Amino acid sequence: MDPLMGAIILLLAIYLISRVAHFFNNIYKRINDMDRKLDEIKEFLTNKED
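Residues numbered from 1 in each chain as written. Predicted model: local features only at pLDDT ≥ 70, side-chain atom pairs only at ≥ 80, totals over all residues. Heavy atoms only, no water.

Another aspect to go through is the overall build of the protein chain. Tallying secondary structure elements over the protein chain gives one helix and zero strands in all. Taking 2.2 N^0.38 as the reference for a compact globule, 50 residues should give roughly 10 Å; the C-alpha atoms of the protein chain span a radius of gyration of 22 Å, well beyond that estimate. When the backbone C-alpha atoms are referred to their principal axes, the protein chain occupies close to 75 × 5 × 5 Å. Classification of the 50 residues of the protein chain by burial places 0% in the buried group. Of the roughly 5,000 Å² of accessible surface on the protein chain, 67% is carried by carbon and sulfur atoms. Separation between the mean location of the 7 positive side-chain charges and that of the 8 negative ones in the protein chain comes to 7 Å. (Helix = DSSP H or I, 4+ residues; strand = E, 2+ residues; numbered from the N terminus. Rg over C-alpha atoms; globule rule 2.2 N^0.38 Å. Buried < 20%, exposed > 50% of the residue type's maximum accessible area, 1.4 Å probe, protein only. Areas by Shrake-Rupley, 256 points an atom, 1.4 Å probe, with all protein chains shown as cover. Lys, Arg positive; Asp, Glu negative; His and termini not counted. Charge placed at Lys NZ, Arg CZ, Asp CG, Glu CD.)

Structure representation (structure tokens):
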């Protein structure tokens, strides 16, 4: 029974680590999208002033 619990805990830890990594990767993509959109807005405003 003890090795089974160890395996379950190990799989649970791996799953939680992968979910946290996926969460941070998703945040990184969203930040890049926001940065790109801000650059587009700045470019639009610069072109509008000319």
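This part is about the packing of aromatic side chains. Overall, the coordinates contain one aromatic pair when judged by the stated rule. Between Phe23 and Phe24 the ring centres are 5.6 Å apart and the planes differ by 70°, which places this aromatic pair in the edge-to-face class. (Phe/Tyr/Trp six-rings, centres within 6.5 Å; stacked < 30°, edge-to-face > 60°.)

With the rule as written, the count across this model stands at two salt bridges. With a shortest N-O distance of 3.3 Å, Glu40 and Arg36 are connected by a salt bridge. Of this pair, Glu40 and Arg36 both sit in helix 1 (residues 2-49), four residues apart, which is roughly one turn of that helix. With relative accessibility at 43%, the residue Arg36 sits in the partly exposed group. One salt-bridge network, in which partners are shared between bridges, spans Asp33, Arg36 and Glu40. (Salt bridge = Lys/Arg side-chain N within 4 Å of Asp/Glu carboxyl O.)

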